[in-house]
Amino acid sequence: PSEAVTALKLVACLGLLSEELIHCLMASTNKSIQGSESCYGYSNLIEWLNFSALEGLIDCKGSMYKFVHDQIQLAAYSLIPENERGLWHLQIGSLIWANKSKSQKSAPFIAVGQLNQGEKFIKKTRERVELARLNLKAGEKAMSSAVYTMAASFLKSGIDLLAGTWWVENYSLCLKLYVSYAEVCYCNGDFETMSLMLEEVFRHTECDKDNRPAHFTLIRALAAQGKLHSSIETALLVLEKLGEQFPSPDDKTVSAEYSKLKRILEGKTDTYILGLSAMENDEKNAAMQLLSFLVMYAVLARVKYLPLFSFRMVQLTLRYGVCKESAIGFASFGFLLCGSFNDIKGAYHCGQLALKLMEKLQAKEYMARIHVMVFGSIHSWVAHHRLSLKPLENAYRGGMRCGDTQYALFCAHQYYIHAFQCGEELSALEKEIKTFGDQMLENKQDLFSKYAQVFRQTVLNWMGCCNDPLKLTGVAMDQDQLLNNALENNHMSLVYVIHHSRSYLAFAFGHYELASDFAEQGQNILDSGCSPTFAVVTHAFVYGLISFVLAGKTHQIKWKTNAFKCLKKMEVWSESAPSNCLHKLLLLQAESAVLLGENSTAAIKYNAAIKMVEDSGFIHELALIHERAAVFYSEQGDTSKACHHYGQAHVVYLQWGAKGKADDLRINCPF
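Residues numbered from 1 in each chain as written. Predicted model: local features only at pLDDT ≥ 70, side-chain atom pairs only at ≥ 80, totals over all residues. Heavy atoms only, no water.

Side note on the overall build of the chain
From N to C terminus, the chain includes 34 helices and 3 strands. For the chain, the C-alpha atoms occupy an extent of roughly 100 × 60 × 45 Å along the three principal directions. Relative to its 671 residues, the chain shows a buried fraction of 58%. Taking the contacts inside the chain whose residues are at least 6 apart along the sequence as the reference set, 66% of them involve residues at least 24 apart. Split by element, the accessible area of the chain, about 27,900 Å² in all, is 51% carbon and sulfur. (Helix = DSSP H or I, 4+ residues; strand = E, 2+ residues; numbered from the N terminus. Buried < 20%, exposed > 50% of the residue type's maximum accessible area, 1.4 Å probe, protein only. Contact = heavy atoms within 4.5 Å. Areas by Shrake-Rupley, 256 points an atom, 1.4 Å probe, with all protein chains shown as cover.)

Here is the structure:
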């Protein structure tokens, strides 16, 4: 029947039809589609849809009607003359938009999508401009839900509707469409299209304020592509236009700025800071937004700028009032305090203040940026390292949901590093790192994906899934290629990760001279800019063990000096975070006693380290302590105890998932 055919054409235009959309379509009964008034009664349309379902053409599930096969939908759509299809879409879209309040949240998207398919029938300028505005609204709504592919479609349609000289006649609308589309292209990793849109913005904008959002997108995109130095340089130019100039970050300048900030903060309680009025200066708000990105970029590429960026965020907050980014400012200040200034108490206080500000200012969209500093660094200097895992995982998920992709993946990056440092089971961890790495590539976060490659290959080497455990080359990465690329682009943090991973592996597999070379190179990088992350603890731990072994083998004073330097660091850290550091300190003290010939003390320290690490749960370091105790007892000629500890080390390495190391231990065990 003709009524059934009309109903099928409707569903063909929409793809699927819900009962709520039917309410929208039927709300204006005076409308018709190509003279098909007979279907424009709600009960009649339902009747013919049900008829089509009985005929096996449409599947009806609940209140949803959908063709049983794509080919049937194409056949139904082909029944509409080609030159009339746009009119069908146009009228369907108009009806749904006019009655969108009667339907589900997706109705505006469906309406605008239908109108776009009929746009060639819209001839009046006013109507084309209005549809462009609707596309902007739909695009912004999709962006707010982090549905970037859909947002890109709407925003591009809006731009296409305004092709011509519309920058003159509809400047504000064009600016919003082009800036939003550029941002969506960045989020989708379409940097080529993004660049074209940004060029249009920079060509047509009338003032710095108008092109500021475009510059923000450019800065983030450069960083995502691994061009961190260009990103920071561009950001510094924009900040200068906002009245925020930054001097060269030498030690004298940093010290002076720190002293200045300490004076400003003196007497300022949490209650005072939480009670500050809102920041109303637009330029300072923009500067805070930009600095909230730069603190991460500085950590990854120009760590000497980190203090200046962090200090400035706190200073701007105290002078101009609070904004959502103020929480990031105090988190970054705490992040800095537990590194360069060795003020762990102050760092923890700033971290807690940042969390309070986030809650008070309802800045949940910044959770990833705040948690990556609070739980990615500060927290582990006072609490068990494993307690950082869940907050980092939650921040990653929250950041991805709200579209803060860069920082969300930074949280993922910190999560798997902490998981490795906590001794999480390796085969499961390797799968997680691969998943995160794939997501980083998918979102065009090039630098983070390289870090993921290093950690994944490191895990694979421990597992024995490689040709050479001393070289980070295998299914996850090519060591030489990645290292050369990192050096060429001056990504020294990435270079450090490669060196540290190799030093740990070389030590574990008994190549102490090689391990010392990598550890020294890593130390040089750490010395050039103090890291506040837990990486400095693991580095000092491994470097200390290497140095004690080489001091005993070579009797060179430099190794003894460095060994005790690492031990002293661990003593300090053990006071604030005993659950993370005390067993490491006890092992270093045992190795120190061995070097000094204090064998009874060494035995006591080995036993104490084992007891401590059993309580704290760092299974990989339990295996290491058993192995070092086995070496000690073997050298003392106590075969029974040596065999016990070798056996325990082998069992625990296997529990960790380090089959490669366990096999090496079994093969090279002297018994």
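Thoughts on the pattern of salt bridges
Enumeration according to the criterion identifies 28 salt bridges in this entry. A salt bridge links Asp663 to Arg666, with the nearest nitrogen and oxygen atoms 3.6 Å apart. Of this pair, Asp663 and Arg666 are both found in helix α34 (residues 659–668), 3 residues apart, which corresponds to roughly one turn of the helix. (Salt bridge = Lys/Arg side-chain N within 4 Å of Asp/Glu carboxyl O.)

Some remarks on the side chain of Ser292
Relative to the elements of secondary structure, Ser292 occurs in helix α16 (residues 282–300). Accessibility expressed as a relative area gives 0% for Ser292, which makes it buried. Beyond its immediate stretch of four places on either side in the chain, Ser292 contacts Met313, Glu325, Ile328, Arg369 and Tyr407.

Some remarks on the confidence of the model for the chain
Looking at the chain, pLDDT values average 90 and 94% of them are 70 or higher. For residues 34–43, every residue scores under 50 in pLDDT, and the model assigns this stretch 25 contacts once sequence neighbours within four places are set aside. (pLDDT = per-residue confidence, 0-100.)

Re the packing of helix α24 (residues 446–463) against helix α26 (residues 492–508)
Between α24 and α26, the shortest axis-to-axis distance is 10 Å and the interhelical angle comes to 5°. When the axis of α24 is compared with that of α26, the two are roughly parallel. Between α24 and α26, the contacting residues are Leu447, Lys450, Tyr451, Val454, Phe455, Thr458, Asn461 and Trp462 on the first element and Ser493, Leu494, Val497, Ile498, Ser501, Tyr504, Leu505 and Ala508 on the second. When its residues are assigned to classes, the contact of α24 with α26 shows 11 nonpolar, 4 polar and 1 charged. (Axes fitted to C-alpha atoms, helices over the stretch in contact; angles between N-to-C directions. Parallel < 35°, antiparallel > 145°, perpendicular 65-115°, else oblique. Nonpolar A, V, L, I, M, F, W, Y, C, P; charged D, E, K, R; others polar.)

Observations regarding the packing of aromatic side chains
Remark: the centre distance and the inter-plane angle together describe each pair of aromatic rings, the angle taken between the planes. What the rule picks out here adds up to 25 aromatic pairs. Ring centres of Tyr305 and Phe309 lie 5.4 Å apart, and the angle between their planes is 15°; this geometry places the pair in the stacked category. Looking at Phe309, the relative accessible area reads 0%, which means it is buried. Taking 6.2 Å as the distance between ring centres and 45° as the angle between the ring planes, the aromatic pair formed by Phe311 and Phe341 counts as tilted. Of the two residues, Phe311 sits in helix α17 (residues 306–320) while Phe341 sits in the loop between α18 (324–337) and α19 (344–360), which places them 30 residues apart along the sequence. For Phe311, a relative accessible area of 1% corresponds to the buried category. (Phe/Tyr/Trp six-rings, centres within 6.5 Å; stacked < 30°, edge-to-face > 60°.)

A few points about the nonpolar core
Counting residues in each nonpolar core, the largest one holds 179 residues, and the members touching the most others are Phe309, Ile370, Tyr416, Trp462 and Tyr653. Setting aside residues up to four positions removed in sequence, Tyr653 forms contacts with Trp462, His620, Ala623, Leu624, Glu627, Ala658, Lys661, Ala662 and Leu665. (Core = buried A, V, L, I, M, F, W, Y, C linked by side-chain atoms within 4.5 Å.)

Considerations on unusual backbone geometry
A positive phi angle, near 60°, is found at Asn490, a position not held by glycine. With respect to the secondary-structure elements, Asn490 resides in the loop between α25 (479–488) and α26. Positive phi outside glycine occurs at His555, with the angle close to 60°. Mapped onto the elements of the fold, His555 is located in the loop between α28 (535–554) and α29 (557–576). Looking at His555, the relative accessible area reads 68%, which means it is exposed.

Regarding helix α32 (residues 619–635)
Across its 17 residues, α32 extends 25 Å between first and last C-alpha, which sits within 8% of the 24 Å expected from 1.5 Å per residue. Where burial is concerned, most of α32 is hidden: 13 out of the 17 residues are buried. Following α32 by one or two positions, Gly637 adopts a phi angle in the positive range, close to 80°. (Expected span 1.5 Å × (residues − 1).)

Considering the environment of Ala515
Locating Ala515 in the fold gives a position in helix α27 (residues 512–527). Here Ala515 falls in the buried class, since its relative accessible area comes to 0%. A C-alpha to C-alpha distance of 33 Å links Ala515 and Lys390, two positions 125 residues apart in sequence. Apart from residues no more than four positions distant in its own chain, Ala515 is found in contact with Ser503, Ala506, Phe507 and Ile546.

Structural notes on helix α12 (residues 208–224)
Relative to the 24 Å expected for 17 residues at 1.5 Å per residue, α12 spans 24 Å between its end C-alpha atoms, a close match to the ideal helical length. Positive backbone phi, approximately 85°, marks Gly226, located one or two places after α12.

Observations regarding the side chain of Asn285
By the element assignment, Asn285 lies in helix α16. When residues no more than four places from it in sequence are discounted, the contact partners of Asn285 are Met279, Glu280 and Cys323.

Notes on the packing of helix α7 (residues 125–144) against helix α10 (residues 171–187)
Where α7 meets α10, the axes come as close as 10 Å, and the angle between the chain directions of the two elements is 35°. Viewed along their axes, α7 and α10 form a crossing whose handedness is left-handed. In this structure, α7 uses Val129, Ala132, Arg133, Leu136, Glu140 and Met143 to contact α10, whose residues at the interface are Leu173, Lys176, Leu177, Ser180, Glu183 and Val184. For the contact of α7 with α10, the class distribution of residues is 7 nonpolar, 1 polar and 4 charged. (Left-handed = near helix turned anticlockwise from the far one by under 90°.)

Brief notes about the environment of His371
For His371, the location among the structural elements is in helix α20 (residues 367–374). According to the relative accessible area criterion, His371 is buried, its value standing at 10%. C-alpha separation for the pair His371 and Phe410, spaced 39 residues apart in sequence, amounts to 10.0 Å. Those residues in contact with His371 that lie beyond four places of it in its chain are Leu355, Met358, Gly376, Pro391, Leu392 and Ala395.

Re the environment of Gly552
By the element assignment, Gly552 lies in helix α28. Using a relative accessible area of 35% as the deciding quantity, one classes Gly552 as partly exposed. Between the alpha carbons of Gly552 and Glu591 there is a distance of 9.5 Å; along the sequence they are 39 residues apart.

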